[in-house]
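# Architecture and fold: a report
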Amino acid sequence: MLSVPGRVSPRRPGSGGRGETRPGTDNVPGSITSLPGDVIAPGTLSVPGRVFPRRPDPGRRKTSRHGWNKLHPFLRHYQFHNTSVGGKDLDENGDLEANLDIVNMIILRNLSILRVKVGSIERQASGEIKLTIDQDAIVWPPWYRKMLPDSRCTQSCLPGQVKVTLERKPICCYDCSPCGEGTISSQEDADICTKCPEDQHPNLEHTQCIPKVITFLSYQETLGVILIVLVLFLSTVTLLTLGIFIKYTDTPIVKANNRDLTYMLLISLLLSFLSSLLFIGQPRRVTCLLRQTTFSTIFTVAVSSVLAKTITVVVAFMAAKPGSRMRKWLGKSVAKSIVLLCSTVQIGLCLIWLGISPPFPEFDMQSHHAQIIWQCNEGSVAMFYGSLGYMGCLAAVSFTVAFLARKLPGAFNEAKLITFSMLVFCSVWVSFVPTYLSTKGKYMVAVQVFSILASSAGLLGCIFFPKCYIIVVRPGLNIKDHLMMKSQDGI
């Protein structure tokens, strides 16, 4: 119960004014003033600032405790002075029936009393009673230094929290729980937390919704700059390697490794490096359609070229035996047919992909609570992994054939280089799948770009760097007699 200095006066017919008593009412308290911390008990008379016990009258005859029952009818029909018009203040059950004003009695220096309304008690249409108190309007006595009493058994829940009711406890007793993810409360003692719109998220205090940040793998951010530098560096190295092979195109080491396949492989690796740029920047409809299909087709040409070189090495060794029928398979048409056939299958898969469920740009608002991820939806997930799986099959076949031919004589020692390059290639893409699935947003794109660069760099380094070393640094080994030797001093 919240008690403030006030005055409740009995309303009697013909009474002179508020708080005024009449003769013959000495035995009924004419005015009751309640002060903070003071308790009004039977047998006491309260005045502002002090509580005096009523002195017992020695000549007064003691009454039985049952004599109090005679006072009950008077208390039941006791009326209080208020501002309502008509009707009784209390009904037959003693419940409040009229509206009451809560008055603060201020004693001035000239001992006059100023009555200031500081609140009210009103009955609502629903039958509930509304208590209103303006604490700023209350004037406390100068000598009062006590802490204001609290009418609740818990502190108010701060903004960002929600009330949680306790079982078997009064309604004023509750716990405060922080608002959940994606919700806020901007007022004290909130009953529920409000969910933020999809394009907004709560601040750290969960008191207001703020706009989400749109993210994608940008050219301006550090991660994007690093990937672009790698693309440019590896592309430059590929161009230099291609220039070296073109310059020394008539040397034995270039001729022995099928110049057409070599040039095709180098060009496809260069385009693979450059195709990774389609993954960086704002996702657009055109880039979303091109980046996966372009990468898949170019990479298939590169892997099928390696497969054709591997088969060429095996066929060349078998054809070197006297009377072998494999000599007719040594032509360039066989190698080109392998590349064309493998690439046509991948192009067919990409066309089906674009026809059934093409990729498209989208805004992902659910994966991250504070960011809107601008990304390319791959459309058909099955076609995406089917395309990667087809390239993986080609790489596995090439690795198997090269591994079986790794012990061929030195003249055909390129199988060892292909074996190691395919091992690097397969390791990169096997680790790509779980990493790709465990990341979101721009980091998922960065994982794919890094896998493209790493696997292409593996093919470039493992197959071509040893040959470039011999061509540039040790030209004495780039002679026909050396290539025909079967010693392990070869390539």
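In case you missed it, the structure is sitting above this.
In what follows, the accompanying structure is described. (Residues numbered from 1 in each chain as written. Predicted model: local features only at pLDDT ≥ 70, side-chain atom pairs only at ≥ 80, totals over all residues. Heavy atoms only, no water.)

### What to know about the sheet that holds strand 3 (residues 100-107)
The antiparallel open sheet is built from 3 strands, whose spatial order is 3-4-5. Only two strands of the sheet have a single partner each, and these edge strands are strand 3 and strand 5 (129-133). Recorded for the sheet is a direction-independent mean angle of 25° between the axes of neighbouring strands. (Pairing = 2+ DSSP bridges. Helix = DSSP H or I, 4+ residues; strand = E, 2+ residues; numbered from the N terminus. Axes fitted to C-alpha atoms, helices over the stretch in contact; angles between N-to-C directions.)

### Some thoughts on the sheet that holds strand 13 (residues 360-364)
Pairing in this open sheet of 3 strands is mixed, and the strands run 12-14-13 from one edge to the other. A single partner strand is all that each edge strand has here, and the edge strands are strand 12 (213-215) and strand 13. Averaged over all adjacent pairs, the angle separating strand axes in this sheet is 25°, with direction ignored. Direction of pairing for strand 13 relative to strand 14 (residues 371-377): antiparallel, over a ladder of 5 bridges.

### So, the pattern of salt bridges
Taken as a whole and assessed by the stated rule, the structure comprises 6 salt bridges. Close ionic contact of K117 with D101 constitutes a salt bridge, the shortest N to O distance being 3.4 Å. Within this pair, whereas K117 is found in strand 4 (residues 113-123), its partner D101 is found in strand 3, the two being separated by 16 residues in sequence. K117 gets classed as exposed once you look at its relative accessible area, which sits at 52%. Residue D191 is joined to K163 by a salt bridge in which the shortest nitrogen-to-oxygen separation is 3.3 Å. Here D191 is found in the loop between strand 8 (183-184) and strand 9 (194-195), whereas its partner K163 is found in strand 6 (residues 161-165), with 28 residues between them in sequence. Of the residues examined, D191 reaches a relative accessible area of 57% and is grouped as exposed. (Salt bridge = Lys/Arg side-chain N within 4 Å of Asp/Glu carboxyl O. Buried < 20%, exposed > 50% of the residue type's maximum accessible area, 1.4 Å probe, protein only.)

### Quick notes on the pairing of strand 4
Strand direction decides the pairing type here: strand 3 and strand 4, joined by 8 bridges, are antiparallel. When the sheet's bridge partners are listed, L100 is paired in strand 4 with I121. Two successive antiparallel strands, strand 3 and strand 4, enclose a turn made up of 5 residues, where L111 displays a positive phi of approximately 70°. The sheet contact formed by strand 4 and strand 5 spans 5 bridges and is antiparallel. Directly across from R123, in strand 5, lies its bridge partner I129. Between strand 4 and strand 5, which pair antiparallel and follow one another directly, the connecting turn spans 5 residues, one of which, G127, has a positive phi of 100°.

In short, the description is geometric, and any link to function would need to be established separately.
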